[in-house]
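Chain residues, written in single-letter form:
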Amino acid sequence: MTESAYLHTTRTAYDTVAPEYAELLRNELDGKPLDRAMLAAFAEHVQGPDAGEVADLGCGPGRVTAHLHSLGVNAFGIDLSPRMIDVARRSHPGLRFDVGSMTALDLADASLAGAVAWYSTVHTPPELLPTVFAEIHRVLVPGGHLLIAFKVGDERRHLSQGYGHELSLDVYWTPPELIADLLAKAGLSLYAQLIREPDDSEKPRSGRQAFFLAHKPENSPAHKPDASDPRS
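Here the structure is a predicted model, which means the values were calculated and not measured.

Rules used throughout
- Residues numbered from 1 in each chain as written.
- Predicted model: local features only at pLDDT ≥ 70, side-chain atom pairs only at ≥ 80, totals over all residues.
- Heavy atoms only, no water.
- pLDDT = per-residue confidence, 0-100.
- Contact = heavy atoms within 4.5 Å.
- 1 Å grid on protein atoms, 1.4 Å probe; cavity = no way out; pocket = protein on both sides within 12 Å on 5 of 7 lines; lining within 4 Å.
- Points joined across faces, edges and corners; volume = space filled by probe spheres on them.
- Helix = DSSP H or I, 4+ residues; strand = E, 2+ residues; numbered from the N terminus.
- Nonpolar A, V, L, I, M, F, W, Y, C, P; charged D, E, K, R; others polar.
- Buried < 20%, exposed > 50% of the residue type's maximum accessible area, 1.4 Å probe, protein only.
- Pairing = 2+ DSSP bridges.
- Right-handed = clockwise from strand over helix to strand, strands pointing away.
- Arc of directions from axis to C-beta.
- Axes fitted to C-alpha atoms, helices over the stretch in contact; angles between N-to-C directions.
- Parallel < 35°, antiparallel > 145°, perpendicular 65-115°, else oblique.
- Left-handed = near helix turned anticlockwise from the far one by under 90°.

Brief notes about the confidence of the model for the chain
- Confidence in the prediction of the chain, expressed as mean pLDDT, is 91, and 93% of residues score 70 or more.
- In the predicted structure, residues 225-232 sits below a pLDDT of 50 and forms 13 contacts with residues beyond four places in sequence or in another chain.

Here you go:
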């Protein structure tokens, strides 16, 4: 699948299900203490008197953005789906939400203290992940941090129904060693990881869940060229 094709299908799917998705997942973090722990650890790394902004990439209806804000993080959200952004703005009127794509962020080089990709790369074909990680590397300040959550496995599942609607959406389960390798190739150093078993709310449709904390080294250039990156 080409980049433009997967972006189109993903945007269309989430535009279709935005209100239902937001309602179903509104309080999901309440029952996930390990997930909250990783968000809290990330928040400690990106706070401080001189800390910059943190982008929740693929923010959906803004629940993770709002959670980060409650932890004292200067967070804003970006999502591919205009309807998701509409829901986020209504649900969290005091926070900033923008329409955008992780493949071409409308952000300056070295402009973010941190970035979160909370299950937002699961619709990206693995061969296109280097472009996403190169963009994240570009927009992070040297020393900036990344938290990524994803589904553990090695398969693609196609969804034709979800959240009460017919849709067309691919979901990728990805090997942790592949994500670690791609992060390293993008110039992002992995320093912590959590892999947990599915909880009761995720069984039997889902498997293990992974959470990686990485950072852009202090001596890293603002942009690291990569063979798969169209800027190279």
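Additional details are given in the paragraphs that follow.
Topic: the layout of surface pockets
- A volume near 270 Å³ is recorded for the second largest pocket.
- Lining of the second largest pocket is provided by 13 residues; of these, Ala22, Arg26, Asn27, Arg63 and His92 occupy positions nearest its centre.
- Only α1 (3-24), α3 (63-70) and α4 (82-91) provide two or more residues apiece to the lining of the second largest pocket.
- Per-element accounting of the lining of the second largest pocket gives the leading share, three residues, to α3.
- Residue classes in the lining of the second largest pocket are distributed as six nonpolar, four polar and three charged.

Points about the pairing of strand β1 (residues 54-57)
- Alternating residues of β1 divide into Val54 and Asp56 and Ala55 and Leu57, and every residue in both groups is buried.
- Pairing analysis gives four bridges linking β1 to strand β2 (residues 75-79), with the strands arranged parallel. Opposite Asp56, over in β2, you have Gly77 as the bridge partner.
- Crossover β1 to β2 through α3 is right-handed.

Let's talk about helix α6 (residues 176-185)
- Buried within α6 are the following residues: Pro176, Ile179, Leu182 and Leu183. An end-on view of α6 places all buried positions within 130° of arc, on one side of the element.
- Contact partners of the buried residues in α6: α5 (129-139), β5 (140-151), β8 (189-196) and β9 (209-215).
- Gly187 occupies a position one or two residues after α6 and carries a positive phi of about 90°.

Quick word on the packing of α5 against α6
- Relative orientation of the contacting elements α5 and α6 amounts to 50°, with a least axis distance of 9 Å. When the axes of α5 and α6 are compared, the pair comes out oblique. Of the two possible hands of crossing, α5 and α6 adopt the one that is right-handed. Residues Leu129, Pro130 and Phe133 of α5 lie in contact with α6, whose contacting residues are Ile179, Leu182 and Leu183.
- Residues of the contact of α5 with α6, tallied by class, amount to six nonpolar, no polar and no charged.

Section: the packing of helix α2 (residues 33-45) against α3
- Between α2 and α3, whose axes approach to 10 Å, the crossing angle comes to 55°. Put simply, α2 runs oblique to α3. Between α2 and α3 the crossing geometry is right-handed. Between α2 and α3, the residues in contact are Arg36, Leu39 and Phe42 and Val64, His67 and Leu68, respectively.
- Broken down by class, the residue content of the contact of α2 with α3 amounts to four nonpolar, one polar and one charged.

What about the pairing of β9?
- Within β9, six of the seven residues are buried, which leaves the element mostly enclosed by the surrounding structure.
- By the bridge criterion, seven bridges tie β5 to β9 in an arrangement that is antiparallel. Bridged to His145 within β9 is His215.
- Inspection of the sheet shows β8 paired to β9 by seven bridges, in the antiparallel sense.

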